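# Overview (structure and organization)
In case you want the letters, here they are:
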Amino acid sequence: YTRAEFLYFVSDRIGGQGGTDIWFSTRDLSSEKLDFGRPRNCGKQINSIADELTPYFDLDENTMYFSSNGRVNIGGFDILKSKNTGDNEWTKPKNIGLPFNSNADDYYYRKHSINGGYFVSNRKFELEKTIKSRRKYALYYQENLSKKITTIKEPVSVINTYHTYIVFCPKRDK
């Protein structure tokens, strides 16, 4: 796949491992066709019998970051990573640990630097936990493991459209 474009997505389509799974499809960049090939499941090394969500593939590390509630974790959905070692072959997923993961749900990790990244969570915000039933989440940034997590956006409303999370951030007055 040296000249291929990959599209990773989440679905509960037939042929999966459990709840929602991470799938991928490829297209040949040297072809004039814009069609992607038939979707393939990322397999049992990535997907569990529960739910996997929010895949992000880091090209520099050749590693997929994703959230799962189907593995031993700190709580709720945790962010994990797995290195691609070949044609749909992956290392055993590793929990990226504290402070990125919490006893709440942690999603949408996006690497920003060697030791830092952005993620969304419904962990405690100030003194109150953002209530899951109200679907309140906040955007956080962790620069490195020795620094405190920075809250980028206050809790915002999220619409869950069949496991596709659309985040609405309120506008701030200037």
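Preceding this section is the structure that the text describes.
The sections below set out a description of the structure shown in this document. Predicted model, so just to flag it, every value in this text is computed and none were measured. (Residues numbered from 1 in each chain as written. Predicted model: local features only at pLDDT ≥ 70, side-chain atom pairs only at ≥ 80, totals over all residues. Heavy atoms only, no water.)

## Quick look at the overall build of the chain
When its secondary structure is counted, the chain shows zero helices and 15 strands. Out of the 174 residues belonging to the chain, those deemed buried represent 40%. A separation of at least 24 residues holds for 38% of the contacts in the chain among residues at least 6 apart in sequence. (Helix = DSSP H or I, 4+ residues; strand = E, 2+ residues; numbered from the N terminus. Buried < 20%, exposed > 50% of the residue type's maximum accessible area, 1.4 Å probe, protein only. Contact = heavy atoms within 4.5 Å.)

## Examining the pairing of strand S5 (residues 63-68)
With six of six residues buried, S5 is to be regarded as a mostly interior element. Of the two faces of S5, the one carrying Thr63, Tyr65 and Ser67 and the one carrying Met64, Phe66 and Ser68 are both buried. Direction of pairing for strand S4 (residues 52-58) relative to S5: antiparallel, over a ladder of five bridges. Directly across from Tyr56, in S5, lies its bridge partner Tyr65. Of the pairings in the sheet, the one linking S5 to strand S6 (residues 78-86) comprises six bridges and is antiparallel in character. If you follow Ser67 over to S6, its bridge partner there is Ile79. (Pairing = 2+ DSSP bridges.)

## A short note on the packing of aromatic side chains
Counted according to the given criterion, the structure contains twelve aromatic pairs. Ring geometry for Tyr8 against Phe57: centres 5.6 Å apart, planes inclined by 15 degrees, an arrangement best described as stacked. Taken together, the positions of Tyr8 in strand S1 (residues 4-11) and Phe57 in strand S4 put the pair 49 residues apart, joining distant regions of the chain. Tyr8 gets classed as buried once you look at its relative accessible area, which sits at 18%. One cation-aromatic arrangement involves Arg13 over Trp23; the distance from NZ or CZ to the ring centre is 5.2 Å. (Phe/Tyr/Trp six-rings, centres within 6.5 Å; stacked < 30°, edge-to-face > 60°. Lys NZ or Arg CZ within 6 Å of the ring centre and 35° of its normal.)

## A word on the layout of surface pockets
The space that makes up the largest pocket amounts to roughly 360 Å³. Considering the residues around the largest pocket, the lining is formed by twelve residues, among which Phe6, Tyr8, Phe57, Leu59 and Asn62 are closest to the centre. Split by residue class, the lining of the largest pocket holds seven nonpolar, four polar and one charged. (1 Å grid on protein atoms, 1.4 Å probe; cavity = no way out; pocket = protein on both sides within 12 Å on 5 of 7 lines; lining within 4 Å. Points joined across faces, edges and corners; volume = space filled by probe spheres on them. Nonpolar A, V, L, I, M, F, W, Y, C, P; charged D, E, K, R; others polar.)

## Brief notes about the pattern of salt bridges
Tallied over the entire structure, the rule returns four salt bridges. Salt-bridge contacts for Lys111 lead to Glu61; the nearest nitrogen and oxygen are separated by 2.4 Å. Of this pair, Lys111 sits in strand S9 (residues 106-111) while Glu61 sits in the loop between S4 and S5, and the two are 50 residues apart along the sequence. Residue classification places Glu61 among the partly exposed positions, given a relative accessible area of 23%. (Salt bridge = Lys/Arg side-chain N within 4 Å of Asp/Glu carboxyl O.)

## Quick look at unusual backbone geometry
Between Leu98 and Pro99 the backbone carries a cis peptide bond, its omega angle lying at 0 degrees. Mapping Pro99 onto the fold places it in the loop between strand S8 (94-95) and S9. With a phi angle near 60 degrees, Asn88 is a residue other than glycine that sits in the positive phi range. Within the element layout of this structure, Asn88 appears in the loop between S6 and strand S7 (89-90).

## Considering the pairing of strand S10 (residues 117-121)
Most of S10 is tucked away: four of the five residues are buried. Relative to S10, S9 runs antiparallel, the two sharing four bridges. Bridging across to S10, Arg110 finds its partner in Tyr118. Hairpin remark: S9 followed by S10, antiparallel, with five residues in the connecting loop.

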